[in-house]
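Here is what each chain is made of, one letter per residue.
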Amino acid sequence: MENIFYTLFTITYHLGAFSVFSIKFNLPTKIVFERGAITKVGYEVEGLGKKALIVITRGGSMIKFGYLGNVRLGLEARGIKYVVYNNVSSNPRAEEVEKGVEVAEKEKCDFVIGLGGGSAIDTAKAIAATLGSGKPFIKYLRREKEISAAYPIVAIPTTHGTGSEVDKYAVVTDVERKAKLTVISRHIYPKVAILDPETTVTLPPQLTAATAFDALSHAFEAYVNRSTNRLARVFAAESMKNIVENIEHAVKHGLNIAVRTKLLWASMLAGLAIDLVRTALCHAMEHPLSAFYPHVHHGLGLTILMPAWIKFTLESAKEDFAEIAEILGLKTEGLTIDQAAKAVYNFVVDLREKVGLNFKLRDLGVKAEDIDAMVENAFTYMKALIENNPRIPTKDELKKIYLESY
Ligand SMILES: [Fe+2]
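The rules behind the values
- Residues numbered from 1 in each chain as written.
- Predicted model: local features only at pLDDT ≥ 70, side-chain atom pairs only at ≥ 80, totals over all residues.
- Heavy atoms only, no water.
- 1 Å grid on protein atoms, 1.4 Å probe; cavity = no way out; pocket = protein on both sides within 12 Å on 5 of 7 lines; lining within 4 Å.
- Points joined across faces, edges and corners; volume = space filled by probe spheres on them.
- Helix = DSSP H or I, 4+ residues; strand = E, 2+ residues; numbered from the N terminus.
- Nonpolar A, V, L, I, M, F, W, Y, C, P; charged D, E, K, R; others polar.
- Domains from an automatic or database assignment.
- Core = buried A, V, L, I, M, F, W, Y, C linked by side-chain atoms within 4.5 Å.
- Buried < 20%, exposed > 50% of the residue type's maximum accessible area, 1.4 Å probe, protein only.
- Donors = N, O, S within 2.8 Å, 3.2 Å for Na, K, Ca; no water.
- Tetrahedral: all angles 85-135°; square planar, octahedral: opposite > 155°, others 65-115°.
- Contact = heavy atoms within 4.5 Å.
- Buried area = accessible area lost by both parts, 1.4 Å probe.
- Salt bridge = Lys/Arg side-chain N within 4 Å of Asp/Glu carboxyl O.
- Polar contact = N/O pair within 3.5 Å; in protein donor to acceptor, adjacent residues only side chain to side chain.
- Expected span 1.5 Å × (residues − 1).

A.B. asks: Which parts of the structure should I look at to understand the layout of surface pockets?
C.D. replies: Over the atoms rolls a probe the size of a water molecule, and in doing so it shows where empty space is left. Empty space within the second largest pocket amounts to approximately 200 Å³. Every residue lining the second largest pocket is counted, 13 residues in all, and those nearest its centre are Arg143, Leu181, Thr182, Tyr381 and Met382. Elements represented by at least two residues in the lining of the second largest pocket include exactly strand 9 (179–184), helix 15 (371–381) and helix 16 (383–386). Looking at which element gives the most residues to the lining of the second largest pocket, the answer is helix 16, with 3 residues. Here the lining of the second largest pocket is built from residues that sort into 6 nonpolar, 2 polar and 5 charged. Both domain 1 (34–200) and domain 2 (205–404) contribute no fewer than three residues apiece to the lining of the second largest pocket.

A.B. asks: Please clarify how the nonpolar core should be interpreted in this entry.
C.D. replies: Within soluble globular proteins, side chains that are nonpolar generally end up buried alongside one another. Judged by nonpolar contacts, the single largest core of 93 residues is most densely connected at Phe220, Met240 and Phe321. Looking at this core element by element, the count peaks at 12 residues for helix 10 (residues 257–277). Both domains that meet at this core, namely domain 1 (34–200) and domain 2 (205–404), each give it at least three residues. Among the nonpolar cores identified, the runner-up in size contains 28 residues, and Val88, Ile127, Leu141 and Ile153 belong to it.

A.B. asks: Quick question: what am I supposed to make of the coordination of the iron ion here?
C.D. replies: Tetrahedral coordination by four donors puts the ideal angle at the metal at 109.5 degrees, and octahedral coordination by six puts it at 90 or 180 degrees. Every protein donor of the iron ion is listed here as Asp214 (OD), His218 (NE2), His283 (NE2) and His298 (NE2), and their distances to the metal cover 2.2 Å. Here the iron ion binds 4 donor atoms, and the angle range of 81 to 172° at the metal identifies the geometry as irregular. Expressed as a motif, the donor residue spacing for the iron ion is D-x3-H-x64-H-x14-H. Of the two residues, aspartate 214 sits in helix 8 (residues 205–223) while histidine 283 sits in helix 11 (residues 281–292), which places them 69 residues apart along the sequence. Taking the relative accessible area as the measure of exposure, aspartate 214 reaches 7% and is therefore buried.

A.B. asks: Just to check I follow, could you spell out the side chain of threonine 332 for this structure?
C.D. replies: Counting through the fold element by element, threonine 332 comes out in the loop between helix 13 (318–327) and helix 14 (337–354). Residue threonine 332 is classed as buried on the basis of its relative accessible area, which comes to 14%. When near neighbours in sequence (up to four residues on either side) are disregarded, threonine 332 contacts Ala325, Glu326 and Ala340.

A.B. asks: Where do I start with the domain arrangement of the protein chain in this structure?
C.D. replies: It is common to report an interface's size as the accessible area lost on association of the parts. Annotation of the protein chain at the domain level lists domain 1 (34–200) and domain 2 (205–404). On the domain 2 side, the residues contacting the 27 residues of domain 1 number 29 residues. Carbon and sulfur atoms make up 59% of the area that domain 1 and domain 2 hide from each other, which totals about 2,500 Å². Broken down residue by residue, the surface that domain 1 buries against domain 2 is led by His160, Lys178 and Lys180, which jointly contribute 29%. One can count 2 salt bridges joining domain 1 with domain 2. A salt bridge links lysine 180 to glutamate 286; the nearest nitrogen and oxygen atoms lie 3.5 Å apart. The interface formed by domain 1 and domain 2 contains 13 residue pairs in polar contact (both at pLDDT 80 or more). Of all the secondary-structure elements, those providing two or more residues to the side of domain 1 that touches domain 2 are strand 8 (169–174) and strand 9. Per-element tally for the side of domain 1 that touches domain 2: the top contributor is strand 9, with 5 residues. When its residues are assigned to classes, the side of domain 1 that touches domain 2 shows 9 nonpolar, 9 polar and 9 charged.

A.B. asks: I'm lost on helix 5 (residues 94–106) in this one. Help?
C.D. replies: Counting along an α-helix, one turn takes 3.6 residues, and residues three or four places apart therefore face a common direction. Under the 1.5 Å per step criterion, the end-to-end length of helix 5 is 19 Å for 13 residues, consistent within 8% with the ideal 18 Å. Those residues of helix 5 lying buried are Ala94, Glu96, Val97, Glu98, Gly100, Val101 and Ala104. Positive backbone phi, approximately 55°, marks lysine 108, located one or two places after helix 5.

As structure tokens, this is what we get:
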């Protein structure tokens, strides 16, 4: 398996205009996946720099559970200095990146460690890119300037949702434009990704479910999208299978390390899948939601939108969803393709209920009168992902999907 991660694939079997065998994959990230890996941080990052900026969110869980302590000890053992930057919210903002850049410059940091969920890792990537390419960060976020370099990045995920540790994306909110935007650059692949399942056992049940649903959405959207390919589907299939087999158990018995290991494995694979082919409409709809309502957790937002997204997309991707039904081990014997595809919808609706995430947008305080603006926002900033969906909605259809989730 490891070979796959380090191999550059360029397979071009052109079967007509589009082929799932048209693949380009180059992952420059060293993946360290094992129990207890966090205690080896010092060894794994040696040579990347002399002083690290450690980025964490301001919630305090990295300190409370000792993960920050583990990283600090590991760095100290190798004589690597560090400074901690914790001014990061759960939907990180451009100004939080800029402040992190200032701290890193003042403290003369020469590499950046993101420790935590997607917000910490994405902020670390954005800070590293700005340090390498020049201020201000907002120019890269708005695509007015291209990232030309980045300081070395180390990603240590402590949730099983983001996949950001193995991809070239960083999602940050442009508060002025009320838009959650994605920076895309080959320069922001982490140099090292340290995945330690033991750091995920402290996730509370709702975050366990919501982050696993983020990964599930990555896997679904990578499997069912216009640019999908065979390699992305291999990653996505293995990912979704592991998620549905383990999510319920993880919610009920969070300390089960075997289950956590499989979820972290699954989120990493889903990250590889979207690194190859991006996400699609479900993410295109969630970004406006958490841009308008920053208290909404990304994974939770996806969970709410997912059934309506599947229902809308099914029509143009019946075979794909029927394949997913097989992958998930649903009973498909004797079913037509239509019925097998619809079985995925029913399965997801049930799963949300079982893991305690059976919410609607109104439960999160979303106002119905904001939906038109969210539709406009999606069509302004998320067009690439909308157009990556097998079925491309009109504005009216997009509104209907939001309303169905309301
Ligand atoms: Fe996501």
